[in-house]
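So you can see what is in the structure, the chains are spelled out below.
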Amino acid sequence: YLVLIQLFLGNSCRFIAKPCAINLGIQDSGPHRAQPNAILEKVFTSITKSPDGKRLEGLSKQLDWDVRKIQRWFRHRRNQDKPTTLTKFCESMWRFTFYLSIFSYGIRFLWTAPWFWDTRQCWYNYPFQPLTSRLYYYYILELAFYWSLMFSQFTDIKRKDFLIMFVHHLATIGLITFSYMNNMVRVGTLVLCLHDASDFLLEAAKLANYAKYQRLCDAFFMLFGVVFIVTRLGIYPFWILNTTLFESWELIGPYPSWWLFNGLLVTLQVLHIIWSYLIIRTASKALVRGKVSKDDRSDVESSSEEEEVTSNSTKGIFSTSSNGSNRLNGHVASGQWTGE
C-alpha cells in the first residue's frame, strides 16, 4: 500500500496537478540563483550553509567582497535548493486529494457504524470484535500514508517544526499499529476520521495561495482554523479521550495496554494545543494585516534578512529567521508556503 500511495503521488503530480498548475499560471521557476563562485560553493557544500560573522569576515578579505554581498550569496544559494512553487502546488494537490478522499470514505463508513453514535460500543465484547474488510482497508491506507509522510520528512528540506512533526508522525503510526494489533480499531477509526476533518481544508488554502487567490486562501485558512480547533480541542478530548480514559475503564477495566494507548492519545492532544495556539496567532495577525501571515517554516528565505544585518555583522550577530510568522501541523497559510 505504501508503494501504491507513492505511485499515486507520482502519477497525480504528472498527469493532474502539473497541468492544473500550468493552467493557473504557476511557473516552474525557482528563486534567484547565486552567481557561480568556487570558493563560496566549497564552503557551502563542505563546511557550513550559514557562516558566522568570523567566517564571513575571512571570506570578505579573501574575495574582496562586501560582507553583505557574501551573506546575500549564501541566502540565494540556500534558496536555490528549495522546491519551486510548481513542485509545492503538485504536492499539496495530491495531499488534498488523499485527505478529502479518505475523510469522505471514513464518514461514509462510520455513518452506519454503531460506535460512531455511541462510543461505548467501542468496548462492548472487546477484544472479540469482527474486523470487516472496509475497516481493514481504511486502517491500512491510513497507516501507509503516514509511513510515506514519515519517510518523506527525512528527504524533504528540513523544517523548523521537524521535531514536532516527527513526534506527530511517530505517535500516529504507533497509535494505528498498536490499536490494530490490540483490536481497538473501532475507537481508532474515530481518531483517524477526526484528524482528517481539517487537513484537506489546509491543503485547499495552500493551493489557493500558490495560485495567488489571496481571498480564497484566507477564507480556507480561517475555515481550517475553526474546524481544527473545534475538532482537536473540543470533540477530541470530550469525545475520544472521554471514551478511552473513562468509558473503557468502566466497561473493561484497566487492561494492560491502557496506559500506553492513552499516553499516545494524550501526546497527540498536547500537539493539538501547540498547533491551535499557532493557528490562533496566525489568524490574529491575518485580521490585523488583512491577510494570513507568512509561514515560519517558509521554503524561501525573505530578503528582509539582509536588512537585519547591522554594523555588528562582523562580530557574529546575524539573523537567519523570518519575522512575524508561524508554523503549524506541518503546513501553514500564505506568504511562502512550506509544501508539508
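Here the structure is a predicted model, which is why all the values come from computation and not from measurement. Just so you know, the residues in each chain are numbered from 1, in the order the chain's sequence is written. Confidence filtering applies because this is a predicted model: local features only for residues at pLDDT of at least 70, side-chain atom pairs given and counted only at 80 or more, and all residues used for totals across whole chains, interfaces and linings. Note that water and hydrogens are dropped before the side-chain values are worked out from all heavy atoms of the structure.

Glancing now at helix H2 (residues 38–46). The complete set of buried residues in H2 reads Leu40, Val43 and Phe44. Buried residues of H2, seen end-on, are gathered within an arc of 100 degrees and therefore sit on one face of the element. Turned more than 90 degrees from where H2 packs its buried face, Ala38, Lys42, Thr45 and Ser46 sit exposed. By definition, residues are in contact when any of their heavy atoms lie within 4.5 Å. Counting from the N terminus, the helices are the DSSP runs of H or I reaching at least four residues and the strands are the DSSP runs of E reaching at least two. In this fold, the buried residues of H2 make contact with helix H3 (53–63) and helix H4 (67–80). Each residue's exposure class comes from its accessible area (1.4 Å probe, protein chains only) as a fraction of the maximum for that residue type: buried when under 20%, exposed when over 50%, partly exposed otherwise. Arc, as used here, means the arc of the directions from the helix axis to the C-beta atoms.

Note: most residues except glycine have negative phi, and most peptide bonds are trans. Here Tyr126 and Pro127 are connected by a cis peptide whose omega angle stands at 5 degrees. Tracing the backbone through its elements, the reader meets Pro127 in the loop between helix H6 (114–117) and helix H7 (133–155). We note that Asp64 has phi near 60 degrees; this positive angle belongs to a residue other than glycine. Relative to the assigned elements, Asp64 resides in the loop between H3 and H4. Taking relative accessible area as the criterion, Asp64 reaches 70% and is therefore assigned exposed. A positive phi is found at Asn125, a non-glycine position, where the angle reads about 60 degrees. When you line up the elements, Asn125 lands in the loop between H6 and H7. Residue Asn125 is classed as exposed on the basis of its relative accessible area, which comes to 55%.

Take the UniProt feature "transmembrane region" (unreviewed entry) in the chain next. UniProt records the feature "transmembrane region" (unreviewed entry) for residues 96–116, 136–155, 162–181, 220–239 and 259–280 in the present numbering. The span residues 162–181 is 100% helix and 0% strand, and its two end C-alpha atoms sit 28 Å from each other. Each end of residues 259–280 is marked by a C-alpha atom, and these two atoms are 31 Å apart; helix forms 100% of the span and strand 0%. UniProt positions are given in the numbering used here, feature names are shortened, and annotations may be inferred rather than shown by experiment.

Of note, Thr244 is situated in helix H10 (residues 214–252). Distance and chemistry together define a polar contact, namely a pair of N or O atoms within 3.5 Å, with one atom able to donate a hydrogen and the other to accept it when in protein, and with adjacent residues in sequence counting only for side-chain atoms on both sides. For Thr244, the side chain forms a polar contact with the main-chain oxygen of Leu241, separated by 3.3 Å. Not counting residues within four places of it along the chain, the set of residues in contact with Thr244 comprises Trp123, Val187, Trp258, Phe261, Asn262 and Leu265.

Leu110, Trp115, Tyr236 and Phe261 are the most contacted members of the largest nonpolar core, which totals 57 residues. The set of elements that each furnish at least two residues to this core consists of helix H5 (85–110), H6, H7, helix H8 (162–181), helix H9 (185–210), H10 and helix H11 (258–289). Definition used in this section: a nonpolar core is a set of buried Ala, Val, Leu, Ile, Met, Phe, Trp, Tyr and Cys residues joined via side-chain atoms within 4.5 Å. By size, the runner-up hydrophobic cluster in this structure holds 11 residues, among which are Leu56, Leu63, Val67 and Ile70.

Between Lys or Arg on one side and Asp or Glu on the other, a salt bridge is scored when a side-chain nitrogen of the former is within 4 Å of a carboxyl oxygen of the latter. Tallied over the full model, the rule gives four salt bridges. A salt bridge links Asp199 to Arg232; the shortest N-O distance between them is 3.7 Å. A residue pair is termed long-range when its members are at least 10 positions apart, and Asp199 in helix H9 and Arg232 in helix H10 qualify at 33 residues. Asp199 gets classed as buried once you look at its relative accessible area, which sits at 8%. Given a relative accessible area of 1%, Arg232 falls into the buried group.

Now for the environment of Leu63. With respect to the element layout, Leu63 can be found in helix H3. Residue classification places Leu63 among the buried residues on the basis of a relative accessible area of 17%. Measuring from C-alpha to C-alpha, the distance between Leu63 and Asn37 comes to 9.8 Å, with 26 residues separating the pair along the chain. If sequence neighbours within four positions are ignored, Leu63 has contacts with Asn37, Ile39 and Leu40.

Moving on to H3. Along H3, the residues that are buried comprise Gly53, Leu56, Leu59, Ser60 and Leu63. One side of H3 carries all its buried residues, which in axial view fall inside an arc of 120 degrees. For H3, the exposed residues lying more than 90 degrees away from the buried face are Lys54, Lys61 and Gln62. In this structure, the buried side of H3 is in contact with H2 and H4.

Pairs were defined over the aromatic rings of Phe, Tyr and Trp, the Trp ring being its six-membered one, requiring ring centres within 6.5 Å. Orientation was assigned from the angle between planes: stacked under 30 degrees, edge-to-face over 60, tilted for the rest. Enumeration according to the criterion identifies 23 aromatic pairs in this entry. Ring geometry for Tyr139 versus Tyr180: centroids 6.1 Å apart, planes at 35 degrees, classification tilted. Within this pair, whereas Tyr139 is found in helix H7, its partner Tyr180 is found in helix H8, the two being separated by 41 residues in sequence. Aromatic side chains Phe145 and Tyr146 sit 5.6 Å apart centroid to centroid with 75 degrees between the ring planes, which places their arrangement in the edge-to-face category. Like Phe145, the residue Tyr146 is buried in the burial classification. Linked through ring pairs, Trp94, Phe98, Tyr99, Phe145 and Tyr146 together constitute an aromatic cluster. Note that Lys69 overlies the ring of Trp65, its terminal NZ or CZ placed 4.3 Å from the centroid. Consider the ring centre and the ring normal. A charge sits over the ring if Lys NZ or Arg CZ is within 6 Å of that centre and within 35 degrees of that normal.

H11 packs onto H10 with a crossing angle of 160 degrees between their chain directions and a minimal axis gap of 10 Å. It follows that H10 is roughly antiparallel to H11 by the angle criterion. Between H10 and H11 lies a crossing whose hand is left-handed. Structural elements are reduced to axes, namely lines fitted to C-alpha atoms, with helices fitted over the stretch in contact, and the angle between N-to-C directions of any two is expressed from 0 to 180 degrees. Any angle that falls under 35 degrees is termed roughly parallel, while one over 145 is termed roughly antiparallel, one within 65 to 115 roughly perpendicular, and all others oblique. Here a crossing is taken to be left-handed if its near helix is turned anticlockwise relative to the far helix by less than a right angle, and right-handed if that turn runs clockwise.

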